[in-house]
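Examining the three-dimensional arrangement
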Amino acid sequence: MRCVGTVVRGIRTPIIKEDTDLVATVIDSVMKAKENEGFEFRDRDIIAITEAVVGISEGNYVSVDNIAKFVTNLFPEKEVGLVFPILSRNRFSMILKGIARGMDKITMLLSFPKDEVGNSIMNKEDLLNSPFGFGDIISEQDYEKYFGKFVHPFTGINMVKFYRELIESENCKAEFVFSNDETDILKYTHNVINCDIHTRYETKAKLKEKGANVYGLYEIMNKPIDGSGFNPDYGLLGSNKSTEERLKLFPKTGQTVVETIQKKMKELTGKNIEVMVYGDGAFKDPVGGIWELADPVVSPAHTKGLDGTPNEIKLKYISDNVYDNLRGEELAEAIRKEIRAKQSNLTGSMLSQGTTPRRLTDLIGSLCDLTSGSGDKGTPVVFIQGYFDNYAD
């Protein structure tokens, strides 16, 4: 039996730019790490690459002016309502800047007390002590009266004020309304962009049923304009601020990247190594309540061996319920036999209760996101060994 289970290594790479050969850089960095750390490759090792460097290497950028022209073509009346945008300087401010540059008026409908990914726009306690409930519409005037002093506990910013100033800096009028019913925007305008991420299709369908002229954020910059970058599947979803006038889009060539790396690593090592691109890891901060999933998916590209969900038995359950009378090596061997004999699909079985029924790419993506971080670690590639091992190996 191996004495160590899963091992995760952040792999340092050169700084990746638009003209970087990403496939060669990733492979070279992993091979150098192997020599430096003295590990050996095994079948079902995993190489994971953050989506940021995939998007950077493919040069998939759009400008604020590109966004402005795109939305002007959709809404020549130059007025639009924005429904359920997240409260983020990195994720949404440049998108908003582009929309404002192309419009004369924006009416922004914000959910409360939090946005879709858990960023607060007011204290929940203040809401409970106010005249308003979760099903009400709150005007901008009443928001200022009851909640206007609120600042985000992590950033120290009032995002309503921030978004208003950004919109008005583009010579666009701004109006805010607070509601948890997306169709309330139709009291103000029938031109709508639904900006939510994980409920985007349901939100668009509800608005369309009510007669809205509606496009999802995933349909903005889903094709090029003026030579811009684009993403046919996600549009502006998953984009990040690059400069004050440019955004990096979610990658569109990820599948080619992962399959090419897998093929070349097989040629170099003789091992079947899985490869994936990962974004936000889908974990939730227990203090701030922020759900780390502003990307539309955790993994936009991965090799076939990472399809599916774990099929694991719960060791604690087996030990306490099936082999309560055993101890030591006798217990260990009994559990190893249970693992070897487990069914190929344990869905619904008591043996798997308490295990995590999430997709492998979501679980591994969370592990990678926590490992690489988003700051100055310099490890946009993560190398994982032993993830598919178990107690019987």
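See above for the structure.
Residues numbered from 1 in each chain as written. Predicted model: local features only at pLDDT ≥ 70, side-chain atom pairs only at ≥ 80, totals over all residues. Heavy atoms only, no water.

Considering helix α9 (residues 254-269)
- Here α9 spans 22 Å end to end across 16 residues, near enough to the 22 Å set by a 1.5 Å rise per residue.
- When we look at burial in α9, the residues that qualify are Gly254, Val257, Val258, Ile261 and Met265. Buried residues along α9 cover an arc of 90° about the axis, so they all sit on one side. In α9, the exposed positions angled more than 90 degrees off the buried face are occupied by Thr256, Lys263 and Glu267.
- Contacts made by the buried residues of α9 are with α1 (22-37), β2 (46-50), α2 (51-57), β12 (274-278) and β15 (301-302). (Helix = DSSP H or I, 4+ residues; strand = E, 2+ residues; numbered from the N terminus. Expected span 1.5 Å × (residues − 1). Buried < 20%, exposed > 50% of the residue type's maximum accessible area, 1.4 Å probe, protein only. Arc of directions from axis to C-beta. Contact = heavy atoms within 4.5 Å.)

A closer look at the pairing of strand β10 (residues 240-243)
- Strand direction decides the pairing type here: β10 and strand β11 (residues 246-248), joined by 3 bridges, are antiparallel. In the sheet register, Asn240 faces β11, and the bridge partner there is Lys248.
- Connecting the antiparallel pair β10 and β11 is a turn made up of 2 residues. (Pairing = 2+ DSSP bridges.)

A short note on the packing of aromatic side chains
- Applying the stated criterion across every chain yields a total of 13 aromatic pairs.
- With a centroid separation of 4.4 Å and 15° between ring planes, the pair formed by Tyr143 and Phe178 is classed as stacked. Taken together, the residues span a long stretch of sequence, with Tyr143 in helix α6 (residues 140-147) and Phe178 in strand β7 (residues 173-178) at a distance of 35 residues.
- Taking the relative accessible area as the measure of exposure, Tyr143 reaches 1% and is therefore buried.
- Summarising the aromatic geometry, the rings of Tyr234 and Phe250 are spaced 5.4 Å apart at their centres and angled 85° between planes, so their arrangement reads as edge-to-face. (Phe/Tyr/Trp six-rings, centres within 6.5 Å; stacked < 30°, edge-to-face > 60°.)

A short note on the sheet that holds β15
- With mixed pairing, 5 strands are arranged side by side in an open sheet as β1-β16-β2-β12-β15. Among the strands making up the open sheet, the edge pair consists of β1 (7-11) and β15.
- Bridge analysis of β2 against strand β16 (residues 381-385) gives 4 bridges, and the strand direction is antiparallel. Bridge pairing links Ala48 to Val382 in β16.
- Along the sheet face, α1 touches β1, β2 and β16 and points at about 120° away from the line of β1. (Axes fitted to C-alpha atoms, helices over the stretch in contact; angles between N-to-C directions.)

What about the pattern of salt bridges?
- Inspection of the entire model under this criterion finds 24 salt bridges.
- Among the ionic pairs, Arg101 bridges to Asp65, the shortest N-O distance being 2.8 Å. Residue Arg101 is located in helix α4 (residues 93-102), and its partner Asp65 is located in helix α3 (residues 64-74); the two are separated by 36 residues in the primary sequence.
- Several salt bridges converge on common partners, so that one network encompasses Asp65, Lys97, Arg101, Glu170 and Glu245. (Salt bridge = Lys/Arg side-chain N within 4 Å of Asp/Glu carboxyl O.)

Here's the deal with the packing of α3 against α4
- Remark: α3 packs on α4, axes separated minimally by 7 Å, with the N-to-C direction vectors making an angle of 50°. Classified by the angle between their axes, α3 and α4 sit oblique to one another. Here α3 runs over α4; the crossing is right-handed. Across from Val64, Asp65, Ile67, Ala68, Val71 and Thr72 in α3, the residues of α4 making contact are Met94, Ile95, Lys97, Gly98, Ile99, Arg101 and Gly102. (Parallel < 35°, antiparallel > 145°, perpendicular 65-115°, else oblique. Left-handed = near helix turned anticlockwise from the far one by under 90°.)

Description of the environment of Gly118
- Assignment of secondary structure puts Gly118 in the loop between β5 (105-110) and α5 (124-128).
- We classify Gly118 as buried; its relative accessible area is 8%.
- Between the C-alpha atoms of Gly118 and Lys263, which are 145 residues apart in sequence, the distance is 40 Å.
- Once you skip the residues sitting within four places of it in the chain, Gly118 turns out to touch Gly288, Gly289 and Ile290.

Points about the nonpolar core
- Grouped together as the largest cluster of nonpolar side chains are 55 residues, with contacts concentrated most on Leu82, Phe92, Ile99, Ile106, Met108 and Ile193.
- Going through the elements one at a time, α3, β4 (79-83), α4, β5, α6, α7 (159-168) and β7 are the ones with two or more residues in this core.
- Sequence-distant contacts of Met108, that is, excluding residues within four places in its chain, are made with Leu82, Pro85, Phe92, Leu96, Tyr163, Ile167, Glu175, Phe176 and Val177.
- In this structure, Val23, Phe41, Ile49 and Ile273 belong to the second largest nonpolar core, which totals 26 residues. (Core = buried A, V, L, I, M, F, W, Y, C linked by side-chain atoms within 4.5 Å.)

Thoughts on the packing of α4 against α7
- One can describe the packing of α4 onto α7 by two numbers: an axis separation of 9 Å at closest approach and a directional angle of 35°. Read as a crossing pair, α4 and α7 show a hand that is right-handed. Contact with α4, carried on its side by Ser93, Leu96, Lys97 and Ala100, involves Phe162, Tyr163, Leu166 and Ile167 of α7 and no other residues of that element.
- In terms of residue class, the contact of α4 with α7 is made up of 6 nonpolar, 1 polar and 1 charged. (Nonpolar A, V, L, I, M, F, W, Y, C, P; charged D, E, K, R; others polar.)

Considerations on unusual backbone geometry
- In this structure, the amide linkage connecting Phe112 to the following residue, Pro113, adopts the cis form with an omega of 0°.
- Even without a glycine there, the phi angle at Lys78 is positive, about 65°.
- One non-glycine residue, Asn171, lies in the positive phi region at around 55°.

Concerning the side chain of Ser93
- Residue placement: Ser93 occurs in helix α4.
- Those residues in contact with Ser93 that sit more than four places away from it in its chain are Ser88, Phe162, Tyr163, Leu166 and Lys241.

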